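Take a look at the letters that make up each chain.
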Amino acid sequence: MTILNDNTLVPVRNLVDHKVVYVIPELNRRVVFEPFQEKKVPAGELRALNYTIGGEILLHNYLNIKSEDLRNEFNIPSDMVEYDWTIEDIRRVLTDLTNPIEELEDALDFGPDGIRELLVDCAVK
């Protein structure tokens, strides 16, 4: 595991189809992620977010960090494959009848909250 410098920019993607907003008062930062938007965020800002109230929940369930080193640092399970799903994966699982039902069941049982919300919303639509 490599420790990333605080200034290293890390791609972060919004997992859900609604805005995700976080505020870090110590850094005087307010960041808004539009639905499915991807931004490059400094690793130090993500570390600060992890220690704010609710920040850990956002990082584990609603924002996708595209750095294995930071995922390990924030204790995001490496075996949670749904963490990297996109809207196309959601549609595939719901509409492609050749996929095993266990893939959908695993996503509903073990996936991040944001992915579960998307599954339910897309299924209802």
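Because the structure is predicted, anything quoted here is derived from the model rather than measured.

1. Considerations on the overall build of the protein chain
Looking only at helices and strands, the protein chain features 6 helices and 5 strands. Walking the protein chain from its N terminus toward its C terminus, one meets helices and strands in the order β-β-β-β-α-α-β-α-α-α-α. Relative to its length of 125 residues, the protein chain is compact, with a C-alpha radius of gyration of 15 Å against a globular reference of 14 Å. Judged by the C-alpha coordinates and their principal axes, the protein chain covers about 45 × 30 × 20 Å. Residue burial in the protein chain is summarised as follows: out of 125 residues, 40% are buried. Restricting to contacts in the protein chain with at least 6 residues of sequence separation, those with at least 24 account for 58%. Of the roughly 7,200 Å² of accessible surface on the protein chain, 53% is carried by carbon and sulfur atoms. Taking the 13 positively charged and 24 negatively charged side chains of the protein chain as two groups, their mean positions are separated by 9 Å.

2. Section: the environment of Val-41
Inspection of the secondary structure puts Val-41 in strand S4 (residues 38-42). Relative accessible area serves as the criterion here: at 4%, Val-41 is assigned to the buried category. In contact with Val-41, not counting residues within four places along its chain, are Thr-8, Leu-9, Val-10, Val-12, Tyr-22, Phe-33 and Leu-46.

3. Examining unusual backbone geometry
A positive phi angle, near 60 degrees, is found at Phe-36, a position not held by glycine. Counting through the fold element by element, Phe-36 comes out in the loop between strand S3 (29-33) and S4. For Asn-75, which is not glycine, the phi torsion reads 60 degrees and is therefore positive. Note on placement: Asn-75 falls in the loop between helix H3 (68-73) and helix H4 (87-95). Of the residues examined, Asn-75 reaches a relative accessible area of 62% and is grouped as exposed.

What counts as what
- Residues numbered from 1 in each chain as written.
- Predicted model: local features only at pLDDT ≥ 70, side-chain atom pairs only at ≥ 80, totals over all residues.
- Heavy atoms only, no water.
- Helix = DSSP H or I, 4+ residues; strand = E, 2+ residues; numbered from the N terminus.
- Rg over C-alpha atoms; globule rule 2.2 N^0.38 Å.
- Buried < 20%, exposed > 50% of the residue type's maximum accessible area, 1.4 Å probe, protein only.
- Contact = heavy atoms within 4.5 Å.
- Areas by Shrake-Rupley, 256 points an atom, 1.4 Å probe, with all protein chains shown as cover.
- Lys, Arg positive; Asp, Glu negative; His and termini not counted.
- Charge placed at Lys NZ, Arg CZ, Asp CG, Glu CD.

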